[in-house]
Amino acid sequence: MRPPDSQEQAVAVFAALTDPTRRALLDELARAGPATVTDLARRLPISRQAVAKHLDQLAEAGLISSGQPVGRRHPYRLEPAPIRAAQVWLATLANRWDDRLTALERALDATAIRHPAKEPPSNEPT
């Protein structure tokens, strides 16, 4: 299986972040550090089963990973690489947009130099 490219990874990140519960889980992991499904279910107003389902989706997007188990407890932690990949993709998109706007600005400036705007006629008698 080939590793996802930055655009594929960005899409997976954005899809995972569409759900407010998944964003809340990520916020909780970012705020408090690694936590188990049970820990997160205690802290948030959702069931343990819902937490597990959302964590699976976050893991599929690469946003979290399961740490070393301690007995039957499996702590989940954030993985920053997918967020960075999404940021790179967004920055590339923004740069392309900026480049197009800069090209448009230059074209408009060049047109203005070649064809200066005529002054409207004055209504004052000379």
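Preceding this paragraph is the structure being described.
From a predicted model like this one, the values you see are computed outputs, not experimental measurements. (Residues numbered from 1 in each chain as written. Predicted model: local features only at pLDDT ≥ 70, side-chain atom pairs only at ≥ 80, totals over all residues. Heavy atoms only, no water.)

This part takes up the side chain of glutamate 28. As for its position among the elements, glutamate 28 is in helix 2 (residues 20-32). In this structure glutamate 28 comes out as buried when scored by relative accessible area, which is 9%. (Helix = DSSP H or I, 4+ residues; strand = E, 2+ residues; numbered from the N terminus. Buried < 20%, exposed > 50% of the residue type's maximum accessible area, 1.4 Å probe, protein only.)

This part covers the nonpolar core. Judged by nonpolar contacts, the single largest core of 19 residues is most densely connected at Leu25, Leu40, Val51, Leu55, Leu58, Leu63 and Ile64. Only helix 1 (6-16), helix 2, helix 3 (37-43) and helix 4 (48-60) provide two or more residues apiece to this core. (Core = buried A, V, L, I, M, F, W, Y, C linked by side-chain atoms within 4.5 Å.)

Attention now goes to the packing of helix 2 against helix 4. Relative to each other, helix 2 and helix 4 sit at 80°, their axes nearing to 10 Å. Of the possible angle classes, the one that applies to helix 2 and helix 4 is roughly perpendicular. Every residue of helix 4 that contacts helix 2 at Thr21, Arg22, Leu25 and Leu26 is listed here: Val51, His54, Leu55, Gln57 and Leu58. A breakdown of the residues in the contact of helix 2 with helix 4 according to their chemical character gives 5 nonpolar, 3 polar and 1 charged. (Axes fitted to C-alpha atoms, helices over the stretch in contact; angles between N-to-C directions. Parallel < 35°, antiparallel > 145°, perpendicular 65-115°, else oblique. Contact = heavy atoms within 4.5 Å. Nonpolar A, V, L, I, M, F, W, Y, C, P; charged D, E, K, R; others polar.)

The residue glycine 67 is located in the loop between strand 1 (64-66) and strand 2 (76-78) in this model. For the pair formed by glycine 67 and proline 34, sequence separation is 33 residues and the distance between their alpha carbons is 8.1 Å. In this structure glycine 67 touches Pro75 and Arg77, once residues within four positions along its chain are discounted.

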